[in-house]
Amino acid sequence: MKRMYYIFTPGKLKRKENTVFYVPFKNVEPQDDENLQNEVLLSVDSDMAESLPTNKIVLPVQDIDSFYIMTEASFNTKFLDFCSANKIPIHFFNYYGFYSGTYYPKEYLLSGSLLVNQVKHYSSISKRLEIARKFIEGAAFNLSKNLKYYNTRNKDLQAQIDTMEGLAMDIPSATSIEQLMGIEGNIRKVYYTGFEEILGKEFELISRKYNPPSNPLNALISFSNMMVYTTVLSEIYRTQLNPTISFLHEPGDRRFSLALDIAEIFKPLFADRLIFKMINNRQIQTKDFESRLNGYYLKDTARKAFVQEYDEKLKTTIKHRKLQKEISYRRIIRLECYKLIKHLIGDTEYEPFKIWW
Amino acid sequence: MYCILVYDVGEKRVGKMLKHFRQYLNWIQNSVFEGELTKGQFDEMMGVAKKLMKKEEDSIILFSMQSNKYLDKKIYGVDKSGLTSNFI
């Protein structure tokens, strides 16, 4: 399977010899972007500079699924054009590790009839509710599954599990999207109260806040959610689905809201479990965060460590019950898209992904 | 499948081969490549490679395995590792 490439060291990406070359800034010839180069070199802190690759690296274009640009990088339209030709989306993250956008190449899997069906399912309130309900149902199930796992491991989370399951009972009877979103919000609120029990006092959440994250755990949750969101978006790109027409979230402008919908189901498995694991194994500690501008942000080293674990996680394989074969976690997301397509064209009713192990 | 590809071709064609294989696999040493390929990518890659090579003079050898799980890789001397990583 093609891999995602994560760029953590400042450099230049370019198309050369029909593949992708990565040249760290200190090797870029002076005539290229001279100003940019000096600016960036000044901003690179000393411990990052040591890990800078000294030479150009040639990336096999056929191995690239998508790019994650976590640092300063420069490229030109030729490179973007080349990425489009090879169907490689590029996700950008800003200085604070916030998702800032995606270079979404021209759609290559087009399906007019699916688009029509997608819109139909959006505009009919009953059809839209049906799908939205499924998303919440899956999300709620996976959230409580996470707590159940820790409940069997000397953590007392029974109260939260019971409350969440009580709240989830209302999902089938919800009559509007707002109501569904309300239920989802309440479930999450209860879910987050379980975090302290799992992670201990050092990482206290108090309440979920973003823009900016008010404490280290909030920062970590925000970052991991953005990673899940971008992964889902990359997978949607590989299907005929239109990423802007969503069912649970309101389809807005300038955002791929369908990715938000589907990410809802996968956050508990991909983001939260990784957070629990990394904090409990002390791979991430409070000293890995810095406080700036009233908010907390992950330091570069911790961000890299997290992404590395995240990438490992996506490669983990499990045996799929229905398909009777080994598939990776990342593949599960694609299968979810396919299930949604089947629902939209009236083939098989959509059933959300539920953690079965 | 996971592949290690080595080639020994006439001087004139070395550059061409290098450029070609770089699109599919990670370069690890002169004339040696390593990486993960699907069956389709493999066929595509070898299809072109066969056209580039001179069958009477050149040779390309491919070692492949199901996955790199079973591959024990040790590097002596200059460590160029990181070249095959997707974290840059």
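The structure we're discussing is the one just above.
Since the model is a prediction, treat every value here as computed from it, not as a measurement.

What counts and what doesn't
For every chain, the first residue of the written sequence is number 1, and numbering continues from 1 onward in sequence order. In the order they appear in the text, chains get letters beginning with A and ligands get numbers beginning with 1. Confidence filtering applies because this is a predicted model: local features only for residues at pLDDT of at least 70, side-chain atom pairs given and counted only at 80 or more, and all residues used for totals across whole chains, interfaces and linings. Side-chain numbers here rest on the full set of heavy atoms in the structure, without hydrogens or water. Salt-bridge detection follows one rule: a side-chain nitrogen of Lys or Arg within 4 Å of a carboxyl oxygen of Asp or Glu. Numbering of helices and strands runs from the N terminus; a helix is a DSSP stretch of H or I covering at least four residues, while a strand is a stretch of E covering at least two. Only protein chains enter the area calculation, which uses a 1.4 Å probe; residues under 20% of their type maximum are buried, those over 50% are exposed, and those in between are partly exposed. Whether two aromatic rings pair depends on their centres lying within 6.5 Å, for rings of Phe, Tyr and Trp, where Trp uses its six-membered ring; planes under 30 degrees apart make the pair stacked, over 60 edge-to-face, and the rest tilted. Criterion for a charge above a ring: Lys NZ or Arg CZ within 6 Å of the ring centre, and within 35 degrees of the ring normal. Only when DSSP finds a minimum of two bridges between them are two strands counted as paired. Two residues form a contact once any of their heavy atoms are found within 4.5 Å. Buried area: the accessible area, evaluated with a 1.4 Å probe, that two parts lose upon being put together, summed over both parts. In the analysis that follows, any N or O atom pair within 3.5 Å is treated as a polar contact, provided that within protein one partner can donate a hydrogen and the other can accept it, and provided that, for residues neighboring in sequence, both atoms belong to side chains. Every axis in this analysis is a line fitted to C-alpha atoms, fitted for helices over the stretch in contact. Angles between the N-to-C directions lie between 0 and 180 degrees. Angle categories: roughly parallel below 35 degrees, roughly antiparallel above 145, roughly perpendicular from 65 to 115, and oblique for all the rest. Left-handed describes a crossing whose near helix is turned anticlockwise from the far helix through less than a right angle; right-handed describes the clockwise counterpart. Basically, the charged four are Asp, Glu, Lys and Arg, the nonpolar ten are Ala, Val, Leu, Ile, Met, Phe, Trp, Tyr, Cys and Pro, and anything else, Gly included, counts as polar. Only protein atoms enter the calculation, which uses a 1 Å grid: trapped sets of points that fit a 1.4 Å probe without letting it out are cavities, open sets showing protein on both sides within 12 Å along at least five of seven lines are pockets, and any residue with an atom within 4 Å of a point is a lining residue. Grid points are joined across faces, edges and corners, and a volume is the space filled by probe spheres set on the points.

Draft legend 1. Inspection of the pattern of salt bridges at higher detail. Residue and element names in this part refer to chain A. Taken as a whole and assessed by the stated rule, the structure comprises 27 salt bridges over all chains. Ionic pairing is found between arginine 3 and aspartate 63, a salt bridge with its closest N-O pair at 3.0 Å. With arginine 3 in strand 1 (residues 3-7) and aspartate 63 in the loop between strand 4 (57-59) and strand 5 (64-69), this residue pair connects regions lying 60 residues apart in the sequence.

Draft legend 2. A look at unusual backbone geometry. A positive phi angle, close to 60°, is found at arginine 282 of chain A, a residue other than glycine. Here arginine 282 of chain A falls in the partly exposed class, since its relative accessible area comes to 47%. Here serine 31 of chain B, not a glycine, exhibits a phi torsion of approximately 65°, which is positive. Position of serine 31 of chain B among the secondary structure elements: in the loop between strand 2 (26-29) and strand 3 (32-36).

Draft legend 3. A look at the packing of aromatic side chains. Under the counting rule described, the total for this entry stands at 31 aromatic pairs over all chains. Judged by centre distance (6.1 Å) and plane angle (25°), the rings of tyrosine 68 of chain A and phenylalanine 93 of chain A are stacked. Of this pair, tyrosine 68 of chain A sits in strand 5 while phenylalanine 93 of chain A sits in strand 7 (residues 90-93); the two residues are 25 residues apart in sequence, bridging distant segments of the chain. Summarising the burial analysis for this pair, tyrosine 68 of chain A and phenylalanine 93 of chain A share the class buried. Between tyrosine 191 of chain A and tyrosine 192 of chain A, the ring centres sit 5.7 Å apart and the planes meet at 55°, which makes this aromatic pair tilted. The residues tyrosine 191 of chain A and tyrosine 192 of chain A share a single accessibility class, namely buried. A network of ring pairs unites the aromatic residues Tyr6, Tyr68, Phe93, Tyr99, Phe223, Tyr229 and Phe306 of chain A together with Phe87 of chain B as a single cluster. Its end group placed over the ring of tyrosine 149 of chain A, arginine 153 of chain A keeps NZ or CZ at 4.1 Å from the ring centre. Directly above the aromatic system of phenylalanine 141 of chain A lies the positively charged group of lysine 354 of chain A, at a separation of 5.3 Å from the ring centroid.

Draft legend 4. Layout of the pairing of strand 1 of chain A. Residues and elements named next belong to chain A. Burial of strand 1 is extensive: five of the five residues sit out of reach of the surface. By the alternation rule, side chains of strand 1 split into Arg3, Tyr5 and Ile7 and Met4 and Tyr6, which are all buried. By the bridge criterion, five bridges tie strand 1 to strand 5 in an arrangement that is parallel. From the neighbouring strand, isoleucine 7 faces strand 5, where its bridge partner is isoleucine 69.

Draft legend 5. Spatial organisation of the interface of chain A and chain B. Facing the 25 residues of chain A at the interface are 15 residues of chain B. Interface area, chain A with chain B, both sides summed: about 1,900 Å², of which 53% is carbon and sulfur. Applying the counting rule to chain A against chain B returns one salt bridge. Put simply, glutamate 17 of chain A and arginine 22 of chain B hold a salt bridge, and the shortest N to O gap is 2.4 Å. Inspection of the chain A/chain B interface yields 11 residue pairs in polar contact (both at pLDDT 80 or more). When contributions to the side of chain A that touches chain B are tallied by element, the ones reaching two or more residues are strand 1, strand 3 (19-24), strand 4 and helix 10 (300-315) of chain A. Of the residues forming the side of chain A that touches chain B, the biggest block, five residues, is contributed by strand 1 of chain A.

Draft legend 6. Focus on the packing of helix 5 (residues 125-151) of chain A against helix 11 (residues 329-344) of chain A. All names here are of chain A. Interaxial distance between helix 5 and helix 11 falls to 12 Å at its minimum, and their mutual angle equals 155°. Of the possible angle classes, the one that applies to helix 5 and helix 11 is roughly antiparallel. Considering only the axes of helix 5 and helix 11, their crossing is right-handed. For the pair helix 5 and helix 11, the contacting residues are Glu130, Ile131 and Phe135 in the first and Leu340, His343 and Leu344 in the second. For the contact of helix 5 with helix 11, the per-class residue count stands at four nonpolar, one polar and one charged.

Draft legend 7. Spotlight on the side chain of aspartate 65 of chain A. All names here are of chain A. On the secondary structure map, aspartate 65 appears in strand 5. With a relative accessible area of 3%, aspartate 65 lands in the buried category. At 3.1 Å, the side chain of aspartate 65 and the side chain of serine 66 are in polar contact. With residues up to four places along the chain from it excluded, the contact list for aspartate 65 reads Lys2, Arg3, Met4, Lys87, Ile88, Pro89, Ser234, Arg238 and Arg330.

Draft legend 8. Spatial organisation of the layout of surface pockets. In this model, the largest pocket occupies a volume close to 1,400 Å³. Those elements that place two or more of their residues in the lining of the largest pocket are strand 1, helix 10, strand 12 (325-328) and helix 11 of chain A together with strand 3 of chain B. Among the elements that take part in the lining of the largest pocket, helix 10 of chain A stands out by supplying five residues, more than any other. Split into classes, the residues belonging to the lining of the largest pocket amount to 12 nonpolar, 14 polar and 14 charged. Around the second largest pocket sit 20 residues that line it, and Arg208, Tyr210, Asn225, Leu260 and Lys267 of chain A are the ones nearest its centre. Among the secondary structure elements, those contributing two or more residues to the lining of the second largest pocket are helix 7 (177-199), helix 8 (216-237) and helix 9 (257-280) of chain A.

The values reported here are purely geometric and, on their own, carry no functional implication.
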